[in-house]
Number of protein chains: 2
Amino acid sequence: MARRSQAERSDATTGQLTTAARRLFGTEGYATTSIDAVAAAAGVTKGAAYHHFKGKADLFRAVFVREQEEVAAELERVALAAPDSWTALRHGVRAFLERCTDPAFRQIVLLDGPAVLGWDGVREIEYDHILRVLTMGMRAAAADGRLADGDLPIRAQMIFGALCEAGMLLARSGDPAAALLAVEAEAEDLLSAFALAQTR
Amino acid sequence: MARRSQAERSDATTGQLTTAARRLFGTEGYATTSIDAVAAAAGVTKGAAYHHFKGKADLFRAVFVREQEEVAAELERVALAAPDSWTALRHGVRAFLERCTDPAFRQIVLLDGPAVLGWDGVREIEYDHILRVLTMGMRAAAADGRLADGDLPIRAQMIFGALCEAGMLLARSGDPAAALLAVEAEAEDLLSAFALAQTR
DNA sequence: TTGACGGCCATACCCGGGGTATGTAACTTC
DNA sequence: GAAGTTACATACCCCGGGTATGGCCGTCAA
């Protein structure tokens, strides 16, 4: 192996570890995957893992954060490409639901995340990524007069919960394409809940 | 101890075990509570636990099911006491949110449940309890012309996801009473998403 | 250039806890 | 009341998370 700097070695190892962890956590689940298995899949030993991460939960956290970053980036990209704030929301919803097609994403973000990191833990991370993008999108729609006033953070959080459940639902469906349409229709109705015409 | 039948002994022991497990799982979380600790709190040993349950997950499942049964029963009671289908829905929502005030309920049903039993596992159980009651309530509201047509199971599932997130949210709030009002307002708007006046 | 220092990682080990095998006392059945 | 079954307790296995220690190599100052 050619001469490598310490930083290069570190980055390479952490990258191998998080990639392997993402694969194993996503397929086998958090509880049933061992640190040894992750390290072996990454081509290193447990010592390397415990050098870069405080423990198993910390490794999982790194995977979880990277997952959130990628989804948030894609959602932001989709939103920016949309002609107006309302279609930005709709396209974002569709992008999130399609992301839920990935079993590893569901296992890590939707199933194991809350149990491993606690609700405060996932909340803290999501608020800087997925929830941030969603809240911004809803704020823009509200500014455009497409959404009524109200508590936007609470509203975004509840919409997010509904979308997560919808993502699990269509993943279980025998006909994902048809389910996607049905779910999207319901999701649009949900967002329409806050359409301006509605009065309390 | 007086002479007891086998069935009485069994019922007493399983009751002690599930009660102790409910307390420990609810306070310490599933991963950090040991079978030994549960058995000790129940006044028996690990052998008794493994005699009545196939394993740790099975014990958790029993606790989870009982929790669902209790909530479903209360929701049904609240719904039946309501004058019409719409207020039945609203009172049910309130009852569920208040149940989320219990940290043990949140830990067991909302956080650990999906990770331990898998999504299919919780789905199967919830569909016979909370989701069943919610779907029935929405079906009644639809029959009364308070909800538009659509895919009711999907709709109920998504509403349920939103309510779970709302429950976690108001539990974290510094002022639960005020948060309850805000969350209830948003939840009503969500249900209004499917009000008959809405057209797609 | 070199030598000391520190970061990177492997090896060896501890130990808590899920799961199992076996023994024993109490209940049930005939 | 003897045989068989149920309801546990006890002792044990072993996987796996976490830690301690040592060695290799890049880094940096003199």
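Every value quoted in this text rests on a predicted model; they were computed, and no experiment measured them.

Before going further, it helps to spend a moment on the overall build of chain A. Counting secondary structure elements, chain A contains 9 helices and 0 strands. When the helices and strands of chain A are placed in sequence order, the string is α-α-α-α-α-α-α-α-α. Principal axes of the C-alpha set define a box for chain A whose edges measure 65 × 40 × 30 Å. Pairs at least 24 residues apart make up 71% of the contacts formed inside chain A by residues separated by at least 6 positions. With an accessible surface of roughly 9,400 Å², chain A has 52% of that area assigned to carbon and sulfur atoms.

Scanning all chains against the criterion turns up 3 cavities of 30 Å³ or more. Considering only enclosed or pocket space, the largest cavity measures out at about 470 Å³ in volume. Lining the largest cavity are 25 residues, and of these Leu110 and Glu165 of chain A together with Leu110, Pro114 and Glu165 of chain B sit closest to its centre. When residues of the lining of the largest cavity are traced back to their parent elements, those giving at least two are helix H6 (103-126) and helix H8 (152-172) of chain A together with helix H6 (103-126) and helix H8 (152-172) of chain B. For the lining of the largest cavity, the per-class residue count stands at 19 nonpolar, 2 polar and 4 charged.

This part covers the protein's contact with DNA strand C. The full set close to DNA strand C counts 21 residues, and Ser10, Thr13, Thr45 and His52 of chain A together with Lys46 of chain B are the nearest of them. Contact between DNA strand C and histidine 52 of chain A: a phosphate oxygen at 2.3 Å from a side-chain N or O atom of the residue. Between DNA strand C and threonine 33 of chain B, the relevant distance is 3.3 Å, taken from a phosphate oxygen to a main-chain nitrogen or oxygen of the residue. Counting residues per element, the ones that place at least two in the surface near DNA strand C are helix H1 (6-28) and helix H3 (46-52) of chain A together with helix H3 (46-52) of chain B. The residue makeup of the surface near DNA strand C, split by class, is 4 nonpolar, 12 polar and 5 charged.

We now examine the pattern of salt bridges. This model, assessed by the stated rule, comprises 21 salt bridges over all chains. Across the pair aspartate 120 of chain A and arginine 172 of chain B runs a salt bridge, and its minimum N-O distance is 3.1 Å. With aspartate 120 of chain A in helix H6 and arginine 172 of chain B in helix H8, this residue pair bridges two chains. For aspartate 120 of chain A, a relative accessible area of 38% gives the class partly exposed. Overall, arginine 172 of chain B belongs to the exposed group, its relative accessible area being 52%. Put simply, Arg22, Glu67 and Asp102 of chain A are held in one network by salt bridges that share partners.

Following the UniProt record, the feature "DNA-binding region" (unreviewed entry) maps to residues 34-53 of chain A here. The span residues 34-53 of chain A carries 75% helix and 0% strand; its end-to-end C-alpha distance comes to 14 Å.

Attention shifts here to the nonpolar core. In terms of nonpolar packing, the biggest core is built from 126 residues, with Phe96, Ile159 and Leu190 of chain A together with Phe96, Ile159 and Leu190 of chain B touching the most fellow members. Not counting residues up to four positions away in its chain, the partners in contact with phenylalanine 96 of chain A are Val71, Leu75, Phe105, Ile130, Phe160, Leu163 and Cys164 of chain A.

Our focus in this paragraph is the environment of histidine 129 of chain A. Residue and element names in this part refer to chain A. One can find histidine 129 in the loop between H6 and helix H7 (130-143). Sequence spacing of histidine 129 and leucine 152 is 23 residues, and the spatial spacing of their C-alpha atoms is 16 Å. Excluding residues that lie within four positions of it along the chain, histidine 129 makes contacts with Gln68, Glu69 and Ala72. Side-chain polar atoms of histidine 129 contact the backbone oxygen of isoleucine 125, separated by 2.8 Å.

What follows is about the interface of chain B and chain A. Of the residues lining the interface, 34 residues belong to chain B; the matching set on chain A comes to 34 residues. Of all residues in chain B, Trp119, Met158 and Glu186 of chain B bury the most surface against chain A, accounting for 22% of the area lost on that side. Scanning the region where chain B abuts chain A turns up 4 salt bridges. For the salt bridge of arginine 155 of chain A with glutamate 186 of chain B, the shortest nitrogen-to-oxygen distance reads 2.9 Å. Put simply, chain B and chain A have 8 residue pairs in polar contact (both at pLDDT 80 or more) between them. For the side of chain B that touches chain A, the secondary-structure elements that each account for two or more residues are H6, H8 and helix H9 (176-192) of chain B.

Here we come to the packing of aromatic side chains. All names here are of chain A. Summed over the entire model, instances satisfying the criterion amount to 12 aromatic pairs over all chains. Between phenylalanine 96 and phenylalanine 105, the ring centres sit 6.1 Å apart and the planes meet at 80°, which makes this aromatic pair edge-to-face. Neither residue differs from the other here; phenylalanine 96 and phenylalanine 105 are each classed as buried. Grouped by ring-pair contacts, the aromatic residues Phe25, Tyr30, Phe60 and Phe64 constitute a single cluster. One residue, lysine 56, lies across the ring of tyrosine 30, its end atom 4.4 Å from the ring centre.

Per the UniProt annotation, the sites labelled "domain: HTH tetR-type" (unreviewed entry) are residues 11-71 of chain A. Here residues 11-71 of chain A is 80% helix and 0% strand, with 22 Å between the C-alpha atoms at its ends.

This part is about the protein's contact with DNA strand D. Around DNA strand D, the surrounding shell holds 21 residues, and the nearest of these are Lys46 of chain A together with Ser10, Thr13, Thr45 and His52 of chain B. For DNA strand D, the backbone portion of the atoms within 4 Å of the protein, that is sugar and phosphate, comes to 71%. Within the side chain of tyrosine 50 of chain A, a nitrogen or oxygen atom sits 2.9 Å from a phosphate oxygen of DNA strand D. Within the side chain of lysine 56 of chain A, one N or O atom sits 3.0 Å away from a phosphate oxygen of DNA strand D. Classifying every residue of the surface near DNA strand D by side-chain character gives 4 nonpolar, 12 polar and 5 charged.

Definitions and cut-offs
- Residues numbered from 1 in each chain as written.
- Chains lettered and ligands numbered in written order.
- Predicted model: local features only at pLDDT ≥ 70, side-chain atom pairs only at ≥ 80, totals over all residues.
- Heavy atoms only, no water.
- Helix = DSSP H or I, 4+ residues; strand = E, 2+ residues; numbered from the N terminus.
- Contact = heavy atoms within 4.5 Å.
- Areas by Shrake-Rupley, 256 points an atom, 1.4 Å probe, with all protein chains shown as cover.
- 1 Å grid on protein atoms, 1.4 Å probe; cavity = no way out; pocket = protein on both sides within 12 Å on 5 of 7 lines; lining within 4 Å.
- Points joined across faces, edges and corners; volume = space filled by probe spheres on them.
- Nonpolar A, V, L, I, M, F, W, Y, C, P; charged D, E, K, R; others polar.
- Near = heavy atom within 4 Å.
- Polar contact = N/O pair within 3.5 Å; in protein donor to acceptor, adjacent residues only side chain to side chain.
- Salt bridge = Lys/Arg side-chain N within 4 Å of Asp/Glu carboxyl O.
- Buried < 20%, exposed > 50% of the residue type's maximum accessible area, 1.4 Å probe, protein only.
- UniProt positions renumbered as here; feature names shortened; annotations may be inferred.
- Core = buried A, V, L, I, M, F, W, Y, C linked by side-chain atoms within 4.5 Å.
- Buried area = accessible area lost by both parts, 1.4 Å probe.
- Phe/Tyr/Trp six-rings, centres within 6.5 Å; stacked < 30°, edge-to-face > 60°.
- Lys NZ or Arg CZ within 6 Å of the ring centre and 35° of its normal.

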